[in-house]
Amino acid sequence: MEGGSEDDNKCEWNLYEAYNELHALAQDLHTPFDAPAVLVVGHQTDGKSALVEALMGFQFNHVGGGTKTRRPITLHMKYDPQCESPSCYLVSDTDPSLSHQKSLSQIQAYIEAENVRLEHDSSSQFSAKEIIIKVEYKYCPNLTIIDTPGLIAPAPGRKNRALQAQARAVESLVRAKMQHKEFIILCLEDCSDWSNATTRRVVMQIDPELSRTVIVSTKLDTRIPQFARPSDVEVFLSPPACTLDGCILGDSPFFTSVPSGRVGSGCDYLYRSNDEFKQAVFSREIEDVASLEEKLGRSLSKQERSRIGVSKLRLFLEEMLQQRYISNVPLIIPLLEKEYRSVTRKLSDINQELRCALKLKVSLFTLDEAKLKEKGRTFHDMFLTKLSLLLKGTVVAPPDKFDNAQYLISKLAIFGYLLSLGMWSWLNSLTFLFCFVSGETLQDERINGGAFVGADGVQFPHKLIPNAGMRLYGGAQYHRAMAEFRFVVGGIKCPPITREEIVNACGVEDIHDGTNYSRTACVIAVAKARDTFEPFLHQLGSRLLHILKRLLPISVYLLQKDSEYLSGHEVFLRRVASAFNNFAESTEKSCREKCMEDLVSTTRYVSWSLHNKSRAGLRQFLDSFGGTEHSNLSHVASGTDSSTSIQTTETKLADLLDSTLWNRRLAPSSERIVYGLVQQIFHGIREYFLVSTELKFNCFLLMPIVDKLPALLREDLESAVEDDLDNVFDITNLQHSLGQQKRDTEIELKRIKRLKEKFRMIHEKLILHQAM
């Protein structure tokens, strides 16, 4: 950087500035622009924030034990040889186009205040919204780094439920950030044995091959004393390829140490300035190399030295991002062109809706009640047509159309309208409208609608389910969910039976003190079946209800696509949504209760004609206990001494009764008999449960959407005009919300246009530089 010409430095400056703006735009618009950045991932106390500070060359963050970082912190760092001290700018949370210069102490105070605020927020202790800081400094690398909250590994047990909930929230936030394929993942591991994949366990769920992951072993200065032999150090510095399970970026891990002291003027601070801190980081790097060479008894090779120390990691990341920045410039321009056209169309649609709203306002006074009702009936008929189309099957709704939830919001013009009316309760009931409502893969469906999970907590591999990778909706998605239910439940085996359970189930008869092992088997089988299958009933209901609720926003999209959605009819849509949701929820509950009645009756009383689905198989199983008797009977049939055979048979029968009916000691033969009976009864219940549940959900959940919903919606829409006539066409509020959307969209359009021109100029300069 420092040795380059002034023109080269200016070009690079503009390049990093453009990518910083692109990253901010991608975050604000939820648009997948390829804006490379380094995402730092690690567990609590792995030293994430400290490593980020060492890479920057100055301290600013809230660090220490426990959970400190509760919002991701994005640092847009730019090398500026003129900045003797760091110049920091805090980007506004409300308006990303604004940034305010802050001192390091102000930045640190703001971060600490945000962490404290979230820590005391019972509803959400972590936030995915990034704190964005721009930094210009002569010691800064040209990098965009995102520091994430530390992953948590809580202890099991009920008393740790709060910490377990926090761990799930943090992991979900970090996983969502890692989904951005343009991000390079900086995976921090605080361990001396590479077989312990602590952070890698989470990272490899998103990047299985570690193809965009750089692994960093932190706190090297504390690791070196732990090694007793040079061979241990050799394996640690150069782990076998099979240990890391992939082709990691850089081919091998990096090793870093960061001094623990803080910069400040008080007696508790070790360093008086950031220059002292920077020098301490460099000195620590030299000491680590010397300690390793002493342990190994040899000098480190050039390759090994290139992986040790913060400065080496910083150089590697900067060079890699610079290559990606330059190579991606030609690809960014068409993406920005596409987004510019999309936002232009969106602005045109908003202007069209504003004109329609104005016309409707002018003509409102000439419309009578009969015409308004006719509009409601037309909307009702068109909506039901789209709904039926989705259930029967269609391809007119592209599966990936709603990847950007803001698209749907802007097209419907509902969000601002409802806010202006203060309709918070309805906003809550329509949360799904603003969620990810495109065609769903099976993995998406499991996340959003709930997975089929047995008592062992293990999910069936989604790849084994037909069409698992396809993004489905409507009837196709309903069919796939039902197929998965059949597949999962149909493969369930009877849970293990312990001797204690058999003895407890024997109990005492009311007329004798013998044992009735058929009753024992029935008691165990119905209890196991009820506990096993009842959760699946609730899971199926939740999954199918999720699928049916997704029909509403997709149907509305089809109305909009075919120009059948009427601006100014938001209250109609509210009534439709409310009626549809209430109907779907009540119908699912009623259907589930019917299925529950079946399950209760099947696990309340055993009918052998129903529960014993394989009498021949059970007979063969039980015959294994009386092999001698069958042999003797065969001898009788072939002319052997009948009196001897009968006596032997009677003896065996007496032995069998003695070991079962008359003896309460649980013999192995009795245990096997009970186990065989339980298996047969359990499997009989399973088959009946599968058939009856699928039939009832088809008859009492799916079919009512087809034959009962139309009449219900018509009744609701008829009453909408009668009860809410003044508010249905409250165009003033609608105009206000559309006006706000128009202003926001115009600002968005200007940002994209400015950034598009900036990247085009950079591209032209790069071409000119290559030609020279």
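Colleague: Describe the side chain of His 546, with residues and values.
Modeller: Its location among the elements puts His 546 in helix α19 (residues 517–549). Here His 546 is in contact with Glu 440, Asn 448 and Gly 449, once residues within four sequence places are set aside.

Colleague: For the side chain of Arg 212, give the residues involved together with the corresponding values.
Modeller: Assignment of secondary structure puts Arg 212 in the loop between α5 (199–206) and β8 (213–217). Salt bridges are absent for the buried Arg 212, whose nearest opposite-charge side chain, Asp 207, sits at 4.7 Å. Separated by 3.2 Å, the side chain of Arg 212 and the backbone oxygen of His 180 make a polar contact. Contact partners of Arg 212, with chain neighbours within four places excluded, come to Met 178, Gln 179, His 180, Lys 181, Phe 183, Ile 184, Ile 185, Ile 206, Asp 207 and Leu 249.

Colleague: Describe helix α3 (residues 104–119), naming the residues involved and giving the relevant values.
Modeller: Here α3 contains 16 residues, and its C-alpha end-to-end distance of 22 Å stays within 8% of the 22 Å for a straight helix at 1.5 Å per residue. Turning to α3, its buried residues number three or more, namely Ile 107, Ile 111, Glu 114, Asn 115 and Leu 118. Each buried residue of α3 lies within a common arc of 100 degrees when the element is viewed along its axis, so the set occupies one face.

Colleague: Tell me about the environment of Arg 314, and name the residues and values.
Modeller: Secondary-structure assignment places Arg 314 in helix α11 (residues 310–363). Between the C-alpha atoms of Arg 314 and Asn 142, which are 172 residues apart in sequence, the distance is 9.5 Å. With sequence-adjacent residues up to four places away left out, Arg 314 is seen in contact with Leu 55, Tyr 139, Cys 140 and Pro 141.

Colleague: Could you give an account of unusual backbone geometry, naming the residues involved and the relevant values?
Modeller: The backbone of Leu 210 shows a phi angle near 55 degrees, a positive value even though the residue is not glycine. Relative to the assigned elements, Leu 210 resides in the loop between α5 and β8. The backbone phi angle of Lys 219 is positive, close to 55 degrees, even though this residue is not glycine. Mapping Lys 219 onto the fold places it in the loop between β8 and α6 (220–223). For Lys 219, a relative accessible area of 29% gives the class partly exposed.

Colleague: Outline the sheet that holds strand β7 (residues 183–189), supporting the account with residue identities and numerical values.
Modeller: Across the sheet, nine strands lie side by side as β4-β3-β5-β2-β6-β1-β7-β8-β9; this open sheet has mixed pairing. The open sheet is flanked by β4 (99–102) and β9 (254–255), the only strands paired with a single partner. By the bridge criterion, three bridges tie strand β1 (residues 37–41) to strand β6 (residues 143–147) in an arrangement that is parallel. Within β6, the position partnered with Leu 39 by the bridge is Ile 146.

Colleague: Break down the confidence of the model for the chain for me, citing the residues and quoting the values.
Modeller: Averaged over the chain, the pLDDT score is 76; the fraction of residues at 70 or greater is 70%. Predicted confidence in the chain is weakest over helix α15 (residues 424–429), with a mean pLDDT of 35, and strongest over β9, with 93. Segment residues 401–437 is flagged for pLDDT under 50; beyond a separation of four residues in sequence, or across chains, it makes 81 contacts in the model. Scored below 50 in pLDDT, residues 627–640 makes eleven contacts in the model with residues more than four places away or belonging to other chains.

Parameters at a glance
Residues numbered from 1 in each chain as written. Predicted model: local features only at pLDDT ≥ 70, side-chain atom pairs only at ≥ 80, totals over all residues. Heavy atoms only, no water. Helix = DSSP H or I, 4+ residues; strand = E, 2+ residues; numbered from the N terminus. Contact = heavy atoms within 4.5 Å. Buried < 20%, exposed > 50% of the residue type's maximum accessible area, 1.4 Å probe, protein only. Lys, Arg positive; Asp, Glu negative; His and termini not counted. Salt bridge = Lys/Arg side-chain N within 4 Å of Asp/Glu carboxyl O. Polar contact = N/O pair within 3.5 Å; in protein donor to acceptor, adjacent residues only side chain to side chain. Expected span 1.5 Å × (residues − 1). Arc of directions from axis to C-beta. Pairing = 2+ DSSP bridges. pLDDT = per-residue confidence, 0-100.

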